[in-house]
Amino acid sequence: MTYFYDDYVIELSRKFSARLEDIKADYNFDLGDEFEIAICLTLRTFLPTKYGICRGFVVDREGNKEGDDIIIYDQLNFPTIRTNTKDDYSRKENIPIEAVYAYIEAKHTLNKESFEKSVLQIGKVKTLCQTRGKTDLYQTDPCVGKYVDRGNVLEHQPKYRNPILTIILSRYSSNIDNKKAENEEEIKEFLKTYHNIFPSDCSAPELIISGKDNILAIGYVNDKKEPIGTLFYPDNGFKVGYESLIKKDLAFGIFLCHLMASLNWIRLGNMPWVDMLNQARKNNNCG
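No experiment lies behind these values; they were computed from the predicted model shown.

> How should I be thinking about helix 3 (residues 112–129) in this particular structure?
Each turn of an α-helix holds 3.6 residues, which means side chains three or four residues apart point in the same direction. Between its first and last C-alpha atoms helix 3 spans 26 Å; for 18 residues at 1.5 Å apiece the expected length is 26 Å, and the two agree. The complete set of buried residues in helix 3 reads S114, F115, S118, V119, Q121, I122, G123, V125, K126, L128 and C129. Buried residues in helix 3 make contact with strand 1 (51–59), strand 2 (65–66), strand 5 (100–110), strand 6 (165–174), helix 4 (184–194) and strand 8 (207–210).

In structure tokens:
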């Protein structure tokens, strides 16, 4: 099969895998932190520079924080307070929820334990980020206008423009016996068996990449009983479900395409710089 733009998605997958192999020589992927750093370095190769990448926590204005893995954020409007070098991802950052595009749980090998932990972590991150103000579908200036629930103008897209995307990304996977698997059918069975741990609400992840060949993707069943894939957790009232797919050597390319399509949809809301300024002025005890 030939894919759009001269097999672009195939090239994405190939280059993503190759980049991981290049980095592997410098990092011990058996350790969680090292694999997270490797994914950050790999993503930096592919993502436009306006998207910041770091490891750390999403935090609201009261100081509540969640997460511990990879965050993609608006680095043009919210630079991190980073004292290390630009591409050093060893330090974990705090990113305001208003600046967060996506959160990724990166696991070297996805097994039952890491699957459950990732789902729990993602649920906490999404719940905190969903407390931020919503961006209206037709809002072009983040500082002007308020959110209005207009329903699903596009059935397959959210009612607002700043949802958070959440993904579980692993290089390898286990089977249902919790042993490392190479066979795509075993991994598919593993994903179908354990995705029932997902919460039955919008705190569940949108995409799971389980090695280079397997994905678990979110969607819904419409009135015609047709399965419709979506970028984000559906909020259109239809029954939400997941499809376990085998896409030989395409999973990493699908991951990057899903990520870029989602980033393209998201319009983050107003960043609370004025609130922070006013609070700092009010609480200034100098003089």
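> Hey, could you run me through empty space enclosed by the protein in this one?
A probe as big as a water molecule, rolled over the atoms, marks out the empty space that is left. Counted under the stated rule, the structure contains 1 cavity of 30 Å³ or more. In this structure, the largest cavity occupies an estimated 40 Å³ of space. Around the largest cavity, the lining residues are N152, E155, H156, Q157, P158, F232, Y233, P234, D235 and N236. When its residues are assigned to classes, the lining of the largest cavity shows 4 nonpolar, 4 polar and 2 charged.

> Before we go on, may I ask you to explain the packing of aromatic side chains in this structure?
We describe a pair of aromatic rings using the distance from one ring centre to the other and the angle between the two ring planes. Evaluated as defined, the whole model comprises 11 aromatic pairs. With centroids separated by 5.1 Å and ring planes inclined at 80°, the aromatic side chains of Y51 and Y101 adopt a geometry described as edge-to-face. With Y51 in strand 1 and Y101 in strand 5, this residue pair connects regions lying 50 residues apart in the sequence. Of the two residues examined, Y51 and Y101, each falls in the buried class. An aromatic cluster is present here, built from F115, F190, Y194, F198 and Y242 joined pairwise through their rings. Lying over the aromatic face of Y172, K180 brings its terminal NZ or CZ to 3.9 Å of the ring centre.

> Where do I start with the packing of helix 1 (residues 4–24) against helix 5 (residues 251–265) in this structure?
To characterise two packed helices, one gives the angle between the axes of the helices and the distance between these axes. Running from amino to carboxyl end, helix 1 crosses helix 5 at an angle of 110°, the nearest separation of the two axes being 7 Å. Considered as vectors, helix 1 and helix 5 are oriented roughly perpendicular to each other. Residues V9, L12, S13, F16 and S17 of helix 1 pack against A251, F252, G253, I254, F255, L256 and C257 of helix 5. For the contact of helix 1 with helix 5, the residue count by class is 9 nonpolar, 3 polar and no charged.

> Is there a simple way to explain the layout of surface pockets in this structure?
Considered as a void within the structure, the largest pocket measures approximately 460 Å³ in volume. Counting residues per element, the ones that place at least two in the lining of the largest pocket are strand 4 (92–96) and helix 6 (273–282). When residues of the lining of the largest pocket are assigned to their parent elements, the largest contribution, 5 residues, is made by strand 4. For the lining of the largest pocket, the residue count by class is 9 nonpolar, 3 polar and 8 charged. Roughly 370 Å³ of volume is contained in the second largest pocket. Along the walls of the second largest pocket sit 15 residues, with V9, I254, C257, H258 and A261 positioned nearest its centre. Mapped onto the lining of the second largest pocket, the elements with two or more residues apiece are helix 1, strand 9 (214–221) and helix 5. Of the residues that constitute the lining of the second largest pocket, the class distribution is 12 nonpolar, 3 polar and no charged.

Criteria and thresholds
- Residues numbered from 1 in each chain as written.
- Predicted model: local features only at pLDDT ≥ 70, side-chain atom pairs only at ≥ 80, totals over all residues.
- Heavy atoms only, no water.
- Helix = DSSP H or I, 4+ residues; strand = E, 2+ residues; numbered from the N terminus.
- Expected span 1.5 Å × (residues − 1).
- Buried < 20%, exposed > 50% of the residue type's maximum accessible area, 1.4 Å probe, protein only.
- Contact = heavy atoms within 4.5 Å.
- 1 Å grid on protein atoms, 1.4 Å probe; cavity = no way out; pocket = protein on both sides within 12 Å on 5 of 7 lines; lining within 4 Å.
- Points joined across faces, edges and corners; volume = space filled by probe spheres on them.
- Nonpolar A, V, L, I, M, F, W, Y, C, P; charged D, E, K, R; others polar.
- Phe/Tyr/Trp six-rings, centres within 6.5 Å; stacked < 30°, edge-to-face > 60°.
- Lys NZ or Arg CZ within 6 Å of the ring centre and 35° of its normal.
- Axes fitted to C-alpha atoms, helices over the stretch in contact; angles between N-to-C directions.
- Parallel < 35°, antiparallel > 145°, perpendicular 65-115°, else oblique.

Just distances and angles here, no functional claims.
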